[in-house]
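If you want the building blocks of each chain, they are given just below.
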Amino acid sequence: MGVLMSRRQTVERVQKVSLAVSAFKDGLREQPSTRRRAEAGTARQGTLEQEVQEGEEEALAGPSQPEESSASKAAWERLRDGRGVEPEEFERANRFTPPAFIRPKRELHDDEPPNISLEQREQIQNDEMCEICEVWTAESLFPCRICHRVYHDGCLRRMGYLQKDSAVEVTETAHTETGWSCYYCDNLNLLLTEEEMYSLMETLRNCKIIPESCLTLDDFLHYKHQVHKQQFERTMPEAQEEQAALQFNALDPDKKGHIEWQDFLSHESIQLLQKIRPQNALLRLLTTKERERARAAFLALDQDNDGFIGESECRQARHTWFRKHQKEMLSCNVSISHVGPISEGSPASSRNGKSPEKILPATKQEETRSIDWPGFLRENVAYILAARPNSAALHLQPLA
């Protein structure tokens with residue numbers, strides 16, 4: 001009702017201004033005009049006609065919204081276009097032009113189960129030329145661990161994608177088992193279609209989330225409560241709140257008391273993909289390298305080679321192979337592509353290098369339920385995608 005009243009008042013205002021413009025024009029015709037009066041009349045007429053036009057636009061747009069600052073508008077535009085954070089003080093002199101990201105589109109066959117064979121291995125082959133400058137310089141190229149693209153570190157610097165410590169991280173990890181994700185694969189938000197992105201932006205606006213800002217635990221829980229109430233029209237259960245708190249801790253591995261915007265955006269993007277798209281559609285997002293990694297993990301777990309593994313083994317993969325490892329573990333030569341058994345006391349099973357990750361013992365139901373290769377992929381595809389970013393944050397916390 002409030003929206004209807006607002007629109008009626010706006011229309012009435014437009015009508016009143018229109019009458020004023022007509023009267024003003026009639027007065028100009030009846031009175032002799034001097035040069036000054038003509039100029040004043042023209043200015044006044046332009047002002048009134050502009051007000052009429054603005055009133056008509058307001059009537060079509062509905063109730064007026066509070067004006068956003070230019071910085072806020074720019075942040076929302078960067079979010080819409082998937083460009084990430086670009087501070088105003090970032091100097092782009094002598095730099096390459098950033099790429100224009102094109103969001104994917106859903107195809108008709110996306111929901112059909114893809115044919116990913118367990119027996120037929122896929123050949124992994126990287127590009128020969130740098131994605132940015134398209135020049136080949138052999139060993140100085142840094143490959144992405146997710147896709148087929150390769151890059152020069154100098155080109156990445158000139159694009160503005162390597163700053164401060166990130167340059168050291170790329171050069172140290174790109175040729176190791178851990179690997180490095182390029183700026184396409186590092187940004188999970190680029191997996192969303194335009195429709196999905198607008199849906200996420202609408203949710204963020206409704207929950208008063210400011211783009212490119214850090215979120216504390218209270219901010220994060222308040223946001224989760226609002227989203228749950230909007231979706232289910234009831235308060236979020238205590239168990240879900242506890243899970244949300246665990247997810248916050250996983251997104252804040254350094255215990256800074258807040259989560260970075262890019263980590264929050266990646267988490268929300270993968271959450272939205274889980275809600276909107278079926279698992280078959282998510283499987284089509286996996287790259288050749290990710291499929292091979294999953295294939296090696298399943299074969300390592302299938303000790304008797306019967307094509308099935310237990311539920312507890314599937315959950316073990318979720319907590320080890322398809323999750324993140326902290327940066328300080330790199331010296332231990334442990335990577336997300338590791339496919340061998342991991343003991344509780346090993347560095348890969350510890351969190352932040354302090355305490356071992358506790359994996360609950362399997363229940364009787366888990367011990368009896370068997371999972372085949374297609375089921376293994378469907379149940380773990382979200383965790384495989386969530387492991388793409390270079391950040392040490394865990395963007396999708398596995399359930400206990």
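Just so it is clear, the model here is predicted, and its values are computed rather than measured. (Residues numbered from 1 in each chain as written. Predicted model: local features only at pLDDT ≥ 70, side-chain atom pairs only at ≥ 80, totals over all residues. Heavy atoms only, no water.)

**Q** Can you help me understand the nonpolar core in this one?
**A** Most often, soluble globular proteins keep nonpolar side chains buried together rather than apart. Of all hydrophobic cores here, the largest spans 53 residues; its most connected members are Leu-79, Leu-204, Ile-209, Phe-264, Phe-322, Trp-373 and Phe-376. The greatest single-element share of this core, amounting to 9 residues, is contributed by helix α14 (residues 373–386). Each residue touching Trp-373, except ones within four places of it in the same chain, is listed here: Ile-116, Ser-117, Leu-118, Arg-291, Ala-294, Arg-295, Phe-298 and Gly-307. Core analysis: the next-biggest nonpolar cluster, separate from the first, contains 17 residues, Ile-146, Leu-162, Val-170 and Ala-174 among them. (Core = buried A, V, L, I, M, F, W, Y, C linked by side-chain atoms within 4.5 Å. Buried < 20%, exposed > 50% of the residue type's maximum accessible area, 1.4 Å probe, protein only. Helix = DSSP H or I, 4+ residues; strand = E, 2+ residues; numbered from the N terminus. Contact = heavy atoms within 4.5 Å.)

**Q** It is not clear to me how the packing of aromatic side chains should be interpreted in this structure. Could you clarify?
**A** How two aromatic rings sit relative to each other is given by the distance of their centres and the angle of their planes. Counted according to the given criterion, the structure contains 12 aromatic pairs. Judged by centre distance (5.7 Å) and plane angle (90°), the ring pair of Tyr-151 and Trp-180 falls under edge-to-face. On the criterion of sequence distance, the pair formed by Tyr-151 in strand β2 (residues 150–152) and Trp-180 in the loop between α5 (166–173) and α6 (194–206) is long-range, its members being 29 residues apart. This pair shows no difference in class: Tyr-151 is buried, exactly as Trp-180 is. Their ring planes at 80° and their centres at 6.3 Å tell us that Phe-220 and Phe-264 sit as a pair that is edge-to-face. In this pair, Phe-220 sits in helix α7 (residues 217–232) while Phe-264 sits in helix α9 (residues 261–276), placing the two residues 44 residues apart along the sequence. Accessibility classification places Phe-220 together with Phe-264 in one group, the buried group. One aromatic cluster in this structure is built from Phe-101, Tyr-151, Tyr-161, Trp-180, Tyr-183 and Tyr-184. Positioned above the aromatic ring of Tyr-184 is the side chain of Arg-149, whose terminal nitrogen or guanidinium carbon lies 4.1 Å from the ring centre. (Phe/Tyr/Trp six-rings, centres within 6.5 Å; stacked < 30°, edge-to-face > 60°. Lys NZ or Arg CZ within 6 Å of the ring centre and 35° of its normal.)

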